[in-house]
Amino acid sequence: MRSPLDNKKIMFFVLDAILIVIFVLIIVMNNQKNQVGTPTDAEEEVTSTTIAAAEENETEPADTLTEAEGSENLLIISAGEDSRYVTWTFRESFDEDYYDFDELQEAVESEAEEFNSALEAEGAESAGGAYLTVESCELKTVTTDGQEGYCVEISLLFDSVESFVRYYNEYTNPDETAYLFCGTIADAQTAGYVFEELYENGGGDVAYLTEELMLEENVYAVLTNLEIDLEIEDTVLCWDENVTEEDEVFHTVAGNQNTIIAAAE
């Protein structure tokens, strides 16, 4: 039979064994924690590479795009008595399920190069530089009837009115013949354009196109059969009944002769 002292010795031995096991478990758990919290150099390199790749391929969210504003079909005619530059900014709907924006940008640039090469081969006169320059091609958001979608806004710079007309008729709407004339009233009459006697000049007033005004050297006419918004950097004197004006932007109607009379400053 064991004595009480023997039983106490056995008890202390068991407690020591338990404490040793607990101590070993604590050491093992700490080692595992350190391994998870401190990756090796190779693991850090893999993780950094993965994050960089994800950031590079991340698609720009829609809320970071600029919303399209103003006219969706605007033609700006620069000031000047000689050749006038024309900037045409227009928008087209963009369906990301059918179009690739990068491919669309490349197509716009390629078309401009083709147009410039064709005119250069013909020896067409140029006001300097390229006949056509792509100023911008941007993806933007647009809201139509309360529904948000995407559009592409393209801005093209032409060295002259003639270059714009050539491009529009060949690339935009080859089935119809559009015209945009910008020159003296005498040259317009020689080309067969007809002018009325009475015009508007804003505020419901009537303006008379007098013979003296028609002979002014700095006075010229802008004539077109396009439906478009026109912004003329010179002083606009008057316009016909087909044209409406709002905030110095002139809206013309399709098919008819729209007449705007301006004066070079």
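For the structure itself, consult the block above.
Residues numbered from 1 in each chain as written. Predicted model: local features only at pLDDT ≥ 70, side-chain atom pairs only at ≥ 80, totals over all residues. Heavy atoms only, no water.

Novice: What's the story with a nonpolar patch on the surface in this structure? I'm lost.
Specialist: The grouping of Leu-198, Val-206 and Tyr-208 at the surface amounts to a nonpolar patch, some 320 Å² of accessible area in total. One can find Leu-198 in strand β6 (residues 198-200). (Patch = residues over 30% accessible without salt bridge, like charges linked within 9 Å, V, L, I, M, F, W, Y side chains within 5 Å. Areas by Shrake-Rupley, 256 points an atom, 1.4 Å probe, with all protein chains shown as cover. Salt bridge = Lys/Arg side-chain N within 4 Å of Asp/Glu carboxyl O. Helix = DSSP H or I, 4+ residues; strand = E, 2+ residues; numbered from the N terminus.)

Novice: Just to check I follow, could you spell out the sheet that holds strand β2 (residues 86-94) for this structure?
Specialist: Hydrogen bonds along the backbone pair up the strands of a sheet, which may run parallel or antiparallel. Read from one edge of the open sheet, 7 strands run β3-β4-β2-β1-β9-β12-β11, paired in mixed fashion. Of all strands in the sheet, those with a lone pairing partner are β3 (132-144) and β11 (244-246), marking the two edges. Ignoring which end each strand starts from, the neighbouring axes of this sheet average 25° apart. Bridge count between strand β9 (residues 229-232) and strand β12 (residues 249-251): 2 bridges; the pairing is antiparallel. Bridge assignment links Leu-230 to a residue of β12, and that residue is Phe-250. (Pairing = 2+ DSSP bridges. Axes fitted to C-alpha atoms, helices over the stretch in contact; angles between N-to-C directions.)

Novice: Explain the pattern of salt bridges here, please?
Specialist: Oppositely charged side chains may form a pair once their charged atoms are brought near each other. Taken as a whole and judged by the stated rule, the model has 6 salt bridges. The closest approach of N and O atoms between Glu-122 and Arg-166, which form a salt bridge, is 2.7 Å. Of the two residues, Glu-122 sits in helix α3 (residues 101-122) while Arg-166 sits in helix α4 (residues 161-172), which places them 44 residues apart along the sequence. As a salt-bridge pair, Glu-170 and Arg-166 come within 2.3 Å of each other at their nearest N and O atoms. Of this pair, Glu-170 and Arg-166 both sit in helix α4, 4 residues apart, roughly one helical turn. Under the relative-accessibility criterion, Glu-170 is labelled partly exposed at 42%. Sharing partners across several salt bridges, the network here consists of Arg-91, Glu-138, Lys-140 and Glu-153. (Buried < 20%, exposed > 50% of the residue type's maximum accessible area, 1.4 Å probe, protein only.)

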